[in-house]
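Here is how the chains run, residue by residue.
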Amino acid sequence: MTSKAAARRSRSAAVALLAIGALLAAACGPSNPSGAPSNAATPAATDVAESGAPSGSAPPSATASGDAAAVYDAVEQQVIAIRGLQPKHPVDRQLIDETELRTMITQQFDTDAPPAYVAATERLYKALNLIPATSSLRMLSLDLLSGGVAGFYRNDQGKLYIVSKTGTPGAAERLYFAHEYDHALQDQNSTIFKDFDKVLDQSDQLLARQSIYEGDATLLMTEWAKDNLDQAGLLEVLRASNDPAAQEVMNRTPAILRETLTFPYTTGLTDVSAVQASGGWAAVNAYFTAMPRSTEQIIHPEKYTAGEMPVAVTLPADLATRLGAGWSVPLEDTFGEFQLGIWLRENGVAPADALKAAAGWGGDRLAIMEGPGGAWAIALHTEWDTDADAAEFQTAAKTALGKAGGVGALISRTGGGGKTRWIIVANAGATVSRIKTALAIGE
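Just so it is clear, the model here is predicted, and its values are computed rather than measured. (Residues numbered from 1 in each chain as written. Predicted model: local features only at pLDDT ≥ 70, side-chain atom pairs only at ≥ 80, totals over all residues. Heavy atoms only, no water.)

1. Brief notes about the overall build of the protein chain
Thought 1: Scanning the protein chain for helices and strands turns up 18 helices and eight strands.
Thought 2: A burial count over the protein chain gives 53% of its 443 residues as buried.
Thought 3: Long-range contacts, defined here as pairs at least 24 residues apart, represent 75% of the contacts in the protein chain between residues at least 6 apart.
Thought 4: Entry remark: accessible area of the protein chain is about 18400 Å², with carbon and sulfur atoms responsible for 55%. (Helix = DSSP H or I, 4+ residues; strand = E, 2+ residues; numbered from the N terminus. Buried < 20%, exposed > 50% of the residue type's maximum accessible area, 1.4 Å probe, protein only. Contact = heavy atoms within 4.5 Å. Areas by Shrake-Rupley, 256 points an atom, 1.4 Å probe, with all protein chains shown as cover.)

See the structure below:
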């Protein structure tokens, strides 16, 4: 192929991958599931591409031998060459169908997300009017993941899974395999997955970390596609991504779930691409040793460069005792700039204003509280970079609280002003008063 033809192919790849961009989250699911093995069928040839090889299928030698394993072996070597990380040991792999996917995701969701955690998070999202009052967070999550996931890597097993409707290693399967194999290399060469295993109370920091390893794998996948898929193969990937059923699931999924799922693949890709452009894959490897601590640092990489860390915010360790008999605090967590922006935008604040109001975030901590007789409340303690940032957030939050799924209150520190703002939503005004007393905060 001439240099001009290579340039045309590179531009074609970039355009096609941009078209897939909205569905990049489908390339990778939760880093867990398990199930019975599937038998992988032999690869099948499709249309003939400009090279004379079957488009979107395996290299000629592997296709001719009918050896699907050889196809994926070749992709592994291609990924290693691009990413520059060496495997420490072989990675098991398995093709699964959509039914097996749903079973695996359900099993792993129920293992990794204890019922009390899911219930508390559902309470939070409903209180902030981020999911419908009559919906089930568990079912919304399972439908989203089952409808869009095309592959995943299980770090607890050291094994990757690729969803295939045909059982053959076509262009889409190889593309997603490249993404997941990069996760295996990350796992074998760093502690990126192990560091936050079983952590359930640092959601914002975890989302920032996901943005790095998913941004890395998505960039790798893009580079692999440019080098290894011709135009026909890219069109095959586009056809596989254009699944009306999956798109319908995405369209009806609340923004807080949909956008939190896609954020690591989109904004994370932008962040990691800039790092890679500045110093190659070695710079990305170094990034893994000094991870961003918040979504703020992903959205505003200059804050990461400047060393602007989240403000440490804590809630009283004896909060349940302060609330009184029958009260419990099933969950504490962080919310972060990214989710705050979604909350504001989804509850009546203009998109540009919501982004701007969330941008002065300094740190936060939230608690979900359950009391006797069906009483409940959520409290979010936020800190802002400046007094002006806090005031700007307060203006936007007043609008958003107007749609809260309960009685809402917005409180600054006693005396007004300053960098602190509290958001409280509860089942009744009397509960709001109880929470304010327990937290020793006033208007």
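2. Here we look at the pattern of salt bridges
Thought 1: Tallied over the entire structure, the rule returns 24 salt bridges.
Thought 2: Note that Arg154 is salt-bridged to Asp156, the shortest N-O span being 2.5 Å.
Thought 3: Arg154 sits in the buried class, given a relative accessible area of 5%.
Thought 4: Residue Arg345 pairs with Glu259 through a salt bridge whose shortest N-O separation is 2.6 Å. Taken together, the residues Arg345 in helix α15 (residues 336–346) and Glu259 in helix α11 (residues 255–287) connect sequence positions 86 residues apart.
Thought 5: One network of salt bridges, with partners in common, ties together Arg102, Asp143, Glu248 and Arg252. (Salt bridge = Lys/Arg side-chain N within 4 Å of Asp/Glu carboxyl O.)

3. Thoughts on the pairing of strand β5 (residues 361–370)
Thought 1: When you tally the buried positions in β5, you get nine out of ten residues, the bulk of the element.
Thought 2: By the bridge criterion, four bridges tie strand β4 (residues 328–333) to β5 in an arrangement that is antiparallel. In the strand pairing of β5, Ser328 is matched with Glu370.
Thought 3: Sheet topology places β5 next to strand β6 (residues 376–384); nine bridges connect them, and they run antiparallel. Across the sheet, the residue bridging to Met369 is Ala377, located in β6.
Thought 4: Between β5 and the antiparallel strand that follows it, β6, lie five residues; Gly373 among them carries a positive phi value of about 65°. (Pairing = 2+ DSSP bridges.)

4. Quick look at α15
Thought 1: Taking burial as the measure, the eleven residues of α15 include nine buried ones, the bulk of the element.
Thought 2: Taken residue by residue, α15 has Gly336, Glu337, Phe338, Gln339, Leu340, Gly341, Ile342, Trp343 and Leu344 as its buried positions.
Thought 3: Positive backbone phi, at 100°, marks Gly348, one or two positions downstream of α15.

5. Comments concerning the environment of Glu100
Thought 1: Note that Glu100 resides in helix α4 (residues 98–112).
Thought 2: For Glu100, a relative accessible area of 19% corresponds to the buried category.
Thought 3: Residues Glu100 and Ser146 lie 46 residues apart in sequence; the distance between their C-alpha atoms is 9.8 Å.

6. Structural notes on unusual backbone geometry
Thought 1: With a phi close to 60°, Asn129 is a non-glycine residue in the positive phi region.
Thought 2: Phi angles above zero are rare outside glycine, and Ala440 is one such case at about 55°.

7. Remarks on the environment of Leu229
Thought 1: If you trace the backbone, Leu229 turns up in the loop between α8 (203–228) and α9 (231–241).
Thought 2: Linking Leu229 and Leu175, residues 54 residues apart in sequence, is a C-alpha distance of 8.7 Å.

8. Some details on the sheet that holds strand β2 (residues 151–154)
Thought 1: Pairing within the open sheet is mixed, and its three strands lie in the order β1-β3-β2. The outermost strands of the open sheet, each flanked by one partner alone, are β1 (92–96) and β2. Across the sheet, the axes of successive neighbouring strands diverge by a mean angle of 15°, strand direction being ignored.
Thought 2: Across four bridges, β2 lies against strand β3 (residues 159–163) in antiparallel orientation. Each bridged residue has a counterpart across the sheet, and for Gly151 the counterpart in β3 is Ile162.
Thought 3: With respect to the sheet, α4 is in contact with β1, β2 and β3, its orientation differing from that of β1 by roughly 120°. (Axes fitted to C-alpha atoms, helices over the stretch in contact; angles between N-to-C directions.)

9. Details of helix α18 (residues 429–439)
Thought 1: Listed as buried for α18 are Thr431, Val432, Ile435, Lys436, Ala438 and Leu439. Looking down the long axis of α18, one finds its buried residues gathered within 165° of arc, a one-sided arrangement. Residues Ala430 and Thr437 are exposed on α18 and point more than 90 degrees away from its buried face.
Thought 2: Lining the buried residues of α18 we find α14 (319–323), β5, β6, β7 (407–412) and β8 (420–426).
Thought 3: Looking one or two residues past α18, Ala440 carries a phi angle of roughly 55°, positive in sign. (Arc of directions from axis to C-beta.)

10. Describing the packing of α11 against α15
Thought 1: One way to put it is that α11 packs onto α15 with a least axis distance of 10 Å and a crossing angle of 145°. In terms of crossing hand, the pair formed by α11 and α15 is right-handed. Contact residues: α11 offers Ala255, Ile256, Glu259, Thr260 and Phe263, while α15 offers Phe338, Gln339, Ile342, Arg345 and Glu346. (Left-handed = near helix turned anticlockwise from the far one by under 90°.)

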